[in-house]
Amino acid sequence: MELSKNELVDITGGAFKYGIAIGIGAVITFLIGVIDGYLRPLKCNS
């Protein structure tokens, strides 16, 4: 069974979402920063 051009255009799914990837990366970076700050607290230079 072959799909027509209109049916091919209507297919959704499997697409890579850059927003989701950036959000996951931001959460991982934040968690690494929190863990690093907890395990290795550094004083501010003031």
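Worth saying up front: this structure is predicted, and the values here are computed from it rather than measured.

Q: Explain the overall build of the protein here, please?
A: When helices and strands are tallied, the protein shows 2 helices and 0 strands. Projected onto its principal axes, the C-alpha coordinates of the protein cover approximately 70 × 20 × 10 Å. Put simply, the protein has 46 residues, and 0% of those count as buried. Of the roughly 4,900 Å² of accessible surface on the protein, a fraction of 66% belongs to carbon and sulfur atoms. Across the protein, the mean location of the 4 positive side-chain charges is 24 Å away from that of the 4 negative side-chain charges.

Q: Which parts of the structure should I look at to understand a nonpolar patch on the surface?
A: Where nonpolar side chains cluster on the molecular surface, the patch consists of Val27, Phe30, Leu31, Val34, Ile35, Tyr38 and Leu39 and spans about 800 Å² of accessible area. Along the chain, Leu39 falls in helix α2 (residues 18-39). The class for Leu39 is exposed, based on a relative accessible area of 64%.

Q: Sorry, what's going on with the pattern of salt bridges here?
A: Counting across every chain of the model gives 1 salt bridge. As a salt-bridge pair, Arg40 and Asp36 come within 3.0 Å of each other at their nearest N and O atoms. Under the relative-accessibility criterion, Asp36 is labelled partly exposed at 35%.

Conventions used here
Residues numbered from 1 in each chain as written. Predicted model: local features only at pLDDT ≥ 70, side-chain atom pairs only at ≥ 80, totals over all residues. Heavy atoms only, no water. Helix = DSSP H or I, 4+ residues; strand = E, 2+ residues; numbered from the N terminus. Buried < 20%, exposed > 50% of the residue type's maximum accessible area, 1.4 Å probe, protein only. Areas by Shrake-Rupley, 256 points an atom, 1.4 Å probe, with all protein chains shown as cover. Lys, Arg positive; Asp, Glu negative; His and termini not counted. Charge placed at Lys NZ, Arg CZ, Asp CG, Glu CD. Patch = residues over 30% accessible without salt bridge, like charges linked within 9 Å, V, L, I, M, F, W, Y side chains within 5 Å. Salt bridge = Lys/Arg side-chain N within 4 Å of Asp/Glu carboxyl O.

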